[in-house]
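For reference, the chains in residue letters:
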Amino acid sequence: FSSSVRRARESGLRSVKMGRPQKANKCYTNYSKTSKTPRRPFEKERLDNEMQLVGEFGLKNKREVWRVQLLLARMRKAARDLLTLDEKSPKRIFEGAALLRRCVRFGFLAEDKRELDYVLGIKVADILARRLQTLVFKQSLAKSLHHARVLIRQRHIRVGKQMVNIPSFTVRLDSEKHIDYSLTSPFGNGRPGRNKRKAAGGGGGDGDGENDED
């Protein structure tokens, strides 16, 4: 009798946690991961390379590096799978052309390197160099990479007619020449900022008062 009571208590403890019955943890995610953490978290060489990329491109954290690494890994995997197929295979012709066209359009590859072998040679720095934050700084619209990130987040930058407030936005080659200040930005002949309007209003009021006294 005591053994049966003990088994009943153990089963009751397993089924109840914090006074509530346990439920199976089910996860129905309809999206894939955008970044992947490294397998060896304390590898010195990798840590040094990541810190160099973070400083060179003014990134917020290392997750931005990991996101680009995952994107590059998927591109390389697609290129390797296509290289295993026959050159006359319809899949290799169709998907390979689409992959190369996308790489050339975003500036990852030069126009004279439209081959799958060159996709395997793309580096993380090549993709980070096409970020909006990097291009805003290179076009002298900002004083530094960190200033460029602030301008983008505060909605001062547009690409063409579209205002973009995402520093990691990947710019196409044909859109690079259309990067400029937003039309509503004080830097783009828009309405002055709050502090400038306040200073102008205060200065005008003092000037009127002095004229009245005179």
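Residues numbered from 1 in each chain as written. Predicted model: local features only at pLDDT ≥ 70, side-chain atom pairs only at ≥ 80, totals over all residues. Heavy atoms only, no water.

Looking now at the overall build of the chain. Counting its secondary structure elements, the chain contains 9 helices and 5 strands. Traced from its N-terminal end to its C-terminal end, the chain shows the element sequence α-β-β-α-α-α-α-α-α-α-β-β-β-α. Across the 214 residues of the chain, 28% fall into the buried class. Of the contacts made within the chain by residues no fewer than 6 positions apart, 50% connect residues no fewer than 24 positions apart. For the chain, the accessible area works out to roughly 16000 Å², and carbon and sulfur atoms hold 51% of it. (Helix = DSSP H or I, 4+ residues; strand = E, 2+ residues; numbered from the N terminus. Buried < 20%, exposed > 50% of the residue type's maximum accessible area, 1.4 Å probe, protein only. Contact = heavy atoms within 4.5 Å. Areas by Shrake-Rupley, 256 points an atom, 1.4 Å probe, with all protein chains shown as cover.)

Our next topic: helix α3 (residues 62-83). For α3, which comprises 22 residues, the first-to-last C-alpha distance of 31 Å matches the rise-based estimate of 32 Å (1.5 Å per residue) to within 8%. Taken together, the buried positions of α3 are Glu64, Val65, Trp66, Val68, Leu70, Leu72, Met75, Ala79 and Leu82. Taken together, the buried residues of α3 touch α2 (44-57), α4 (90-106), α5 (116-119), α6 (124-128) and α8 (145-153). (Expected span 1.5 Å × (residues − 1).)

Running from N to C, α2 and α3 point in directions that differ by 100°, and their axes come no closer than 9 Å. With respect to α3, the axis of α2 lies roughly perpendicular. Only Lys62, Val65, Trp66 and Gln69 of α3 make contact with α2, whose side of the interface consists of Arg46, Leu47, Glu50, Met51, Leu53 and Val54. Its residues placed into classes, the contact of α2 with α3 shows 6 nonpolar, 1 polar and 3 charged. (Axes fitted to C-alpha atoms, helices over the stretch in contact; angles between N-to-C directions. Parallel < 35°, antiparallel > 145°, perpendicular 65-115°, else oblique. Nonpolar A, V, L, I, M, F, W, Y, C, P; charged D, E, K, R; others polar.)

As a further point, take a positive patch on the surface. On the surface, Lys60, Arg63, Arg67 and Arg153 cluster together to form a positively charged patch. The exposure class assigned to Arg67 is partly exposed, which follows from its relative accessible area of 32%. (Patch = residues over 30% accessible without salt bridge, like charges linked within 9 Å, V, L, I, M, F, W, Y side chains within 5 Å. Salt bridge = Lys/Arg side-chain N within 4 Å of Asp/Glu carboxyl O. Lys, Arg positive; Asp, Glu negative; His and termini not counted. Charge placed at Lys NZ, Arg CZ, Asp CG, Glu CD.)

All right, on to the sheet that holds strand β5 (residues 179-181) then. A sheet is described by the order of its strands in space; here 3 strands give the open sequence β4-β3-β5, paired in antiparallel fashion. A single partner strand is all that each edge strand has here, and the edge strands are β4 (162-163) and β5. The pairing of strand β3 (residues 157-159) with β5 spans 3 bridges and is antiparallel. Paired with Val159 across the two strands is Ile179, which belongs to β5. (Pairing = 2+ DSSP bridges.)

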